[in-house]
Amino acid sequence: MMTFEEVRAIRTLRPLSDDDLRALMEFGQQSKHAHGTAVFTQGTPCTTARMVLSGKLKLSVTAGSEASQVGEIWPGELVGEAAFYDISVPNECGAEAIGEVVLLDIDGARIKQASGSHAVAALEAHLIQTLARQVKTNDLGIRKGWQEIRAARARLVADEAAEADARAAAAELRGRPRAPKPEASLADKISSFFFGGR
């Protein structure tokens with residue numbers, strides 16, 4: 001399992017003071033999961049909040065036989081935040097260990113019992129910071145997505161305008177009368193009559 005010094009080195013946990021981080025580590029229980037292990041499954045009660053200490057979790061949603069990845073949880077990040085508020089809420093997705101994963105498991109019922117304690121205050125502060133980073137990241141992702149959509153729309157409008165111009169030009173050419181064929185010279189007429197043209 002991971003030592004305090006190893007957990008202290010996690011970038012997203014650096015804002016926590018040493019006292020807050022120690023209280024948090026003592027409040028939870030570390031667990032290790034081998035690569036490919038299902039940490040929790042979709043639809044089961046969300047009774048535990050989990051902080052990734054090493055490795056990462058892949059989150060996926062299953063509909064029938066189809067599974068779609070919806071996110072990843074990296075060291076210092078939390079999953080199962082609903083356990084802070086209502087342990088009867090089902091997990092909306094499943095989580096699979098990618099590589100060997102070490103988690104800090106925090107029981108939802110214990111969180112309620114220790115409400116107002118140093119550990120819970122530290123955990124709530126970290127949760128707020130984590131959510132703020134996620135909101136910022138999601139906002140940037142949404143903005144980038146809209147920029148790509150607007151760029152694609154602009155390209156589509158430009159392509160449609162170019163196509164419309166090409167159709168108009170083709171229609172204009174079709175509507176023009178054909179240039180009259182130049183009249184054959186007397187020599188050409190004689191050649192055509194006697195020799196089939198020259």
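Residues numbered from 1 in each chain as written. Predicted model: local features only at pLDDT ≥ 70, side-chain atom pairs only at ≥ 80, totals over all residues. Heavy atoms only, no water.

(A) Region of the structure containing the environment of Ala95. Structurally, the position occupied by Ala95 is in strand β6 (residues 94-107). Sequence-wise, Ala95 and Val79 are 16 residues apart; in three dimensions their C-alpha atoms are separated by 9.1 Å. Ignoring any residue separated from it by four or fewer positions in sequence, one finds Ala95 in contact with Thr37, Ala38, Val39, Phe40, Leu57, Lys58 and Leu59. (Helix = DSSP H or I, 4+ residues; strand = E, 2+ residues; numbered from the N terminus. Contact = heavy atoms within 4.5 Å.)

(B) Focus on the pattern of salt bridges. Tallied over the entire structure, the rule returns five salt bridges. Here Arg50 ties to Asp105 by a salt bridge, and the two come within 3.8 Å at their closest N and O atoms. Here Arg50, found in strand β3 (residues 48-63), pairs with Asp105, found in strand β6; they are 55 residues apart in sequence, far enough to count as distant. In terms of burial, Arg50 and Asp105 fall into one category: buried. (Salt bridge = Lys/Arg side-chain N within 4 Å of Asp/Glu carboxyl O. Buried < 20%, exposed > 50% of the residue type's maximum accessible area, 1.4 Å probe, protein only.)

(C) View of the packing of aromatic side chains. If you walk through the whole model with that rule in mind, you get zero aromatic pairs. Between the NZ or CZ atom of Arg22 and the centre of the ring of Phe4, over which it lies, the distance is 4.2 Å. (Phe/Tyr/Trp six-rings, centres within 6.5 Å; stacked < 30°, edge-to-face > 60°. Lys NZ or Arg CZ within 6 Å of the ring centre and 35° of its normal.)

(D) Structural view of the side chain of Thr48. For Thr48, the position within the fold is in strand β3. Filtering out sequence-adjacent residues up to four positions away, Thr48 remains in contact with Val79, Gly80, Ala83, Asp105, Ile106, Asp107 and Gly108.

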